[in-house]
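Coordinates in review
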Amino acid sequence: MSMPKSSSHHAPSGLLRERTAGGHGKVTNIELFFDLVFVYGVTQLSHTLLHDLSLIGAAHVLLLFLAVWWVWIFTGWVTNWLDPDRIAVRAMMLALTFAGLLLSASLPQAFGERGLLFAGAYVTMQVGRSLFMVWALHRGGTASQRTNFVRILLWLCMAGACWLIGAWQDGAPRFLWWIAALGIEYLGPAAYFFVPGLGRSTTADWDVEGGHFAERCSLFVIIALGESLVVTGSSFAESSAMADAAPAFVAAFLGCVAMWWIYFDLGAERGSRAIRHAADPGRTARLAYTYLHLPIVAGIVVSAVGDELSLSHPHARCELPAAIVLIGGPLLYLLGNALFKMTAGRCPFPLSHLVGLVLLALLAVPALQLSVFWLATLTTVVLLVVAVWETLSLRGVRRRLATHAGHG
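Quick summary incoming for the structure in this document. Since this is a predicted model, take the numbers as computed values, not measurements.

The rules we used
- Residues numbered from 1 in each chain as written.
- Predicted model: local features only at pLDDT ≥ 70, side-chain atom pairs only at ≥ 80, totals over all residues.
- Heavy atoms only, no water.
- Salt bridge = Lys/Arg side-chain N within 4 Å of Asp/Glu carboxyl O.
- Buried < 20%, exposed > 50% of the residue type's maximum accessible area, 1.4 Å probe, protein only.
- Helix = DSSP H or I, 4+ residues; strand = E, 2+ residues; numbered from the N terminus.
- Core = buried A, V, L, I, M, F, W, Y, C linked by side-chain atoms within 4.5 Å.
- Contact = heavy atoms within 4.5 Å.
- Axes fitted to C-alpha atoms, helices over the stretch in contact; angles between N-to-C directions.
- Parallel < 35°, antiparallel > 145°, perpendicular 65-115°, else oblique.
- Left-handed = near helix turned anticlockwise from the far one by under 90°.
- Nonpolar A, V, L, I, M, F, W, Y, C, P; charged D, E, K, R; others polar.
- Phe/Tyr/Trp six-rings, centres within 6.5 Å; stacked < 30°, edge-to-face > 60°.
- Lys NZ or Arg CZ within 6 Å of the ring centre and 35° of its normal.
- Disulfide = S-S within 2.5 Å.
- Expected span 1.5 Å × (residues − 1).
- Arc of directions from axis to C-beta.
- Patch = residues over 30% accessible without salt bridge, like charges linked within 9 Å, V, L, I, M, F, W, Y side chains within 5 Å.
- Areas by Shrake-Rupley, 256 points an atom, 1.4 Å probe, with all protein chains shown as cover.

Points about the pattern of salt bridges
Under the definition given, this model contains 9 salt bridges. Across the pair R174 and D170 runs a salt bridge, and its minimum N-O distance is 3.8 Å. When its relative accessible area of 4% is taken as the criterion, R174 is described as buried. Across the salt bridge formed by E269 and R273, the nearest N and O atoms sit 2.9 Å from each other. Remark: R273 and E269 occur in helix 9 (residues 267–276); sequence separation between them is 4 residues, near one turn of the helix. When its relative accessible area of 32% is taken as the criterion, E269 is described as partly exposed. It is possible to trace a salt-bridge network through shared partners that takes in R17, E31, D35 and R216.

Thoughts on the nonpolar core
It is characteristic of soluble globular proteins that their nonpolar side chains tend to be buried jointly. The biggest cluster of nonpolar side chains holds 113 residues, and the ones touching the most others in it are F38, W69, I73, L82, F118 and W163. Element by element, the count of residues in this core is highest for helix 2 (residues 55–81), at 15 residues. With residues up to four places along the chain from it excluded, the contact list for I73 reads F213, C217 and T290. Ranked by size, the runner-up nonpolar core spans 5 residues in total, among them F236, A245, A248 and L311.

Describing the packing of helix 2 against helix 10 (residues 281–291)
Between helix 2 and helix 10, the shortest axis-to-axis distance is 11 Å and the interhelical angle comes to 150°. Viewed along their axes, helix 2 and helix 10 adopt a mutual orientation that is roughly antiparallel. Here the hand of the crossing between helix 2 and helix 10 comes out right-handed. Seen from helix 2, the contacting residues are W69, W70, I73 and W77; seen from helix 10, they are G282, A285, R286, Y289, T290 and Y291. Across the contact of helix 2 with helix 10, the residue classes break down as 7 nonpolar, 2 polar and 1 charged.

A short note on the packing of aromatic side chains
Evaluation of the coordinates by the stated rule reveals 27 aromatic pairs. Relative to W163, the ring of Y122 lies with its centre 4.8 Å away and its plane at 50°, an arrangement referred to as tilted. On the criterion of sequence distance, the pair formed by Y122 in helix 4 (residues 115–140) and W163 in helix 5 (residues 143–167) is long-range, its members being 41 residues apart. Members of the aromatic cluster, joined through ring pairs, are W77, F213, W260, W261, Y263, F264, Y289 and F340. If you follow R200 out to its NZ or CZ, it ends over the ring of Y192, 4.4 Å from the centre.

Describing the side chain of E390
Of note, E390 is situated in helix 14 (residues 372–393). For E390, the contacting residues outside a window of four places in its chain are I262, K341, S352 and H353.

Some thoughts on the packing of helix 3 (residues 87–106) against helix 4
Following both chains from N to C, one finds helix 3 and helix 4 inclined at 165°, their axes separated by 8 Å at the closest point. The orientation of helix 3 with respect to helix 4, classified from their angle, is roughly antiparallel. In the crossing of helix 3 with helix 4, the sense of the turn from one axis to the other is left-handed. Across the interface between the two elements, A88, V89, M92, L96, A99, G100, L102, L103 and S106 from helix 3 touch L117, F118, A121, Y122, M125, R129, F132 and W135 from helix 4. Class assignment for the residues of the contact of helix 3 with helix 4 results in 14 nonpolar, 2 polar and 1 charged.

Things to note about the environment of L32
Residue placement: L32 occurs in helix 1 (residues 29–50). What makes L32 partly exposed here is its relative accessible area of 34%. When the C-alpha positions of L32 and E185 are compared, they lie 25 Å apart, and in sequence the two are 153 residues distant.

Concerning the state of the cysteines
Summed over the entire model, instances satisfying the criterion amount to 0 disulfides. The closest cysteine sulfur to the non-disulfide-bonded C157 is located on C162, 12 Å from its own sulfur.

Describing helix 13 (residues 351–362)
Over its 12 residues, helix 13 runs 17 Å from end to end, which matches the ideal 16 Å to within 8%, given 1.5 Å per residue. Among the residues making up helix 13, those that are buried are S352, H353, G356, L357 and L360. For helix 13, the buried positions fall inside an angular range of 135° around the axis, keeping them on one side. When the buried face of helix 13 is taken as reference, the exposed residues oriented beyond 90 degrees from it are L351 and L362. Next to the buried residues of helix 13 lie helix 8 (242–264), helix 12 (320–344) and helix 14.

A short note on the environment of L102
Structurally, L102 is set in helix 3. In this structure the C-alpha to C-alpha distance between L102 and A121, which are 19 residues apart in sequence, comes to 6.5 Å.

Structural notes on a nonpolar patch on the surface
Together, L351, L354, V358, L359, L362, V381, V385 and W389 make up a nonpolar patch on the protein surface, roughly 660 Å² of accessible area in all. At the level of secondary structure, the elements contributing two or more residues to the nonpolar patch comprise helix 13 and helix 14. Here the element with the most residues in the nonpolar patch is helix 13; it accounts for 5 residues. With respect to the helices and strands, L362 occurs in helix 13.

Focus on unusual backbone geometry
Of note in this structure, Y192 is not a glycine but carries a positive phi near 55°. Along the chain, Y192 falls in the loop between helix 6 (171–190) and helix 7 (210–238). One non-glycine residue, F193, lies in positive phi territory at about 50°. When you line up the elements, F193 lands in the loop between helix 6 and helix 7.

All quantities given are derived from atomic positions and should not be read as evidence of function.
If you want it as structure tokens, here you go:
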């Protein structure tokens, strides 16, 4: 996603945020209000996967998840530049919130009778937001900045045509058209939004306020973890045999705690510091946050499905779909965290995460011989081991961060 380049300090121009060198733009209440829609969206995705643990069902949910993440992260890029306290920007955000609510409501039937509602809401959000940005830059930006967003707009219009054509199809044709649409959108930043006659962007043009952008992405991780807690609490409350479900409830909660710890103990802060001090923050934002946060959030969503399975059928023998969910969720989460930390912090692949990934892979051997509860418990133990290992191994880093914070 490209953003117009800014100077180290400028007064707000038109609808743009004020930027100060070394500053940290606050996340505003309207941005948090917009995020509430995606609490619902993430819940819809996890329930949709739970009700169809087939290969086709998983493929459908994966495509929908990629679309939900993409519309959210593109909005995060735009609000990093626009000033959400301006009335026009607030109006745009509220319109996006309404469209996002429609999109989230349509998710379970996106490949059924509500395909046009899903595609229409999605395209409206992507294209409408880009049109607004071109208009906002016309009021306060430069010609090169507007050209930058014209490129983005053209890519999203091309993808939007595929989304809408797919919505008028049924079955496999819809899926294929939507794969093509998603492919166009995900290829855009990697191709620097190249348009014949308009050229392409460069990472030097993608100037983001790193602290704000890192905080926005960490808040989406909180959204996903919050949805996991909601699933855990609701499933336990609805259980007809709470005594049987209690151990699974504790294991699910500890798994969620371990996930929080692995990302937020030091990873989120180190990533925020890295992007704030990066010579090319746009490159870091594109790879470490736009792309590599995908497996992190996906891992939480899949793990929430595993938690619900362990609470509703703790003593059932693991079948293949359940085993894939119970192991795959934590595996995706650890892999995403490792790649994020390695990319943002420019450090080696964390040994604790590597060991955790190996242990999760080894659990695949006895998985089908275990009950759902015991497999879920063992994956939680792996996550706790990784969390404790990283905490102990990075004590020196923690002290340095505390020292720098005190000096700051």
